[in-house]
Amino acid sequence: MKPENPTIEICPGITRRTVAHGKTMYQMMATLEAGSTMSPHSHPQEQIVHILEGKMRHIVDGVPHELSTGNSFYLSSNVPHGVETIEETRVVDTFSPPREEYLAIDEANRASQ
């Protein structure tokens, strides 16, 4: 993880930090406080969520999936999904293609410091 990559709040109780990215992939580390939620949303990127530690409920197209340490979950492009965090959780999210909007936020944050 590059130290110059800032920690960015995605929504209350959920932060992300870019780990690495290339032309076709983007990876971030996210920390989710117990009880935090992320509203249903979708994006054109495919996504793989890997739970490093903790427990969360991933609600995919309205169907809840409970994930805990060591579990991974694949999301196709444009599938609505949201999160309910059961206990403090850390995840690695990998996206393809890259989350250009996240990279732009990182760059803007570095430029303002």
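Attention here is on the structure that accompanies the text. (Residues numbered from 1 in each chain as written. Predicted model: local features only at pLDDT ≥ 70, side-chain atom pairs only at ≥ 80, totals over all residues. Heavy atoms only, no water.)

Take the overall build of the chain next. Scanning the chain for helices and strands turns up one helix and eight strands. Listing each helix as α and each strand as β along the chain from the N terminus yields β-β-β-β-β-β-β-β-α. In terms of C-alpha radius of gyration, the chain reaches 14 Å, essentially the compact-globule figure of 13 Å for 113 residues. The C-alpha extent of the chain, read off along each of the three principal axes, is 40 × 25 × 25 Å. In the chain, once contacts between residues fewer than 6 apart in sequence are set aside, the share between residues at least 24 apart is 63%. Surface summary for the chain: the accessible area is close to 6,200 Å², and the carbon and sulfur share equals 52%. Here the chain contributes 9 positive and 15 negative side-chain charges, whose respective centroids are spaced 5 Å apart. (Helix = DSSP H or I, 4+ residues; strand = E, 2+ residues; numbered from the N terminus. Rg over C-alpha atoms; globule rule 2.2 N^0.38 Å. Contact = heavy atoms within 4.5 Å. Areas by Shrake-Rupley, 256 points an atom, 1.4 Å probe, with all protein chains shown as cover. Lys, Arg positive; Asp, Glu negative; His and termini not counted. Charge placed at Lys NZ, Arg CZ, Asp CG, Glu CD.)

This next bit is on the pairing of strand 1 (residues 7–11). The sheet contact formed by strand 1 and strand 2 (residues 14–21) spans four bridges and is antiparallel. Looking at strand 2, one finds that Ile-8 is bridged to Arg-16. Between the antiparallel neighbours strand 1 and strand 2 lie two residues, among them Gly-13 with a positive phi of about 85°. (Pairing = 2+ DSSP bridges.)

Attention shifts here to the packing of aromatic side chains. Tallied over the entire structure, the rule returns two aromatic pairs. Note on Tyr-26 and Phe-95: the rings are 6.0 Å apart at their centroids and 45° apart in plane angle, and the pair reads as tilted. Placement of Tyr-26 in strand 3 (residues 26–32) and of Phe-95 in strand 8 (residues 81–96) is noted, with a sequence separation of 69 residues between them. Exposure remark for Tyr-26: the relative accessible area of 1% places this residue in the buried category. For Phe-95, a relative accessible area of 2% translates into the label buried. An aromatic cluster is defined as three or more aromatic residues linked by ring pairs; in this entry it consists of Tyr-26, Phe-95 and Tyr-102. (Phe/Tyr/Trp six-rings, centres within 6.5 Å; stacked < 30°, edge-to-face > 60°. Buried < 20%, exposed > 50% of the residue type's maximum accessible area, 1.4 Å probe, protein only.)

For the rest of this paragraph, the subject is the environment of Ser-76. As for its placement among the helices and strands, Ser-76 is situated in the loop between strand 7 (72–75) and strand 8. Ser-76 sits in the partly exposed class, given a relative accessible area of 35%. Sequence separation between Ser-76 and Ser-42 is 34 residues, and the spatial gap between their C-alpha atoms is 9.6 Å.

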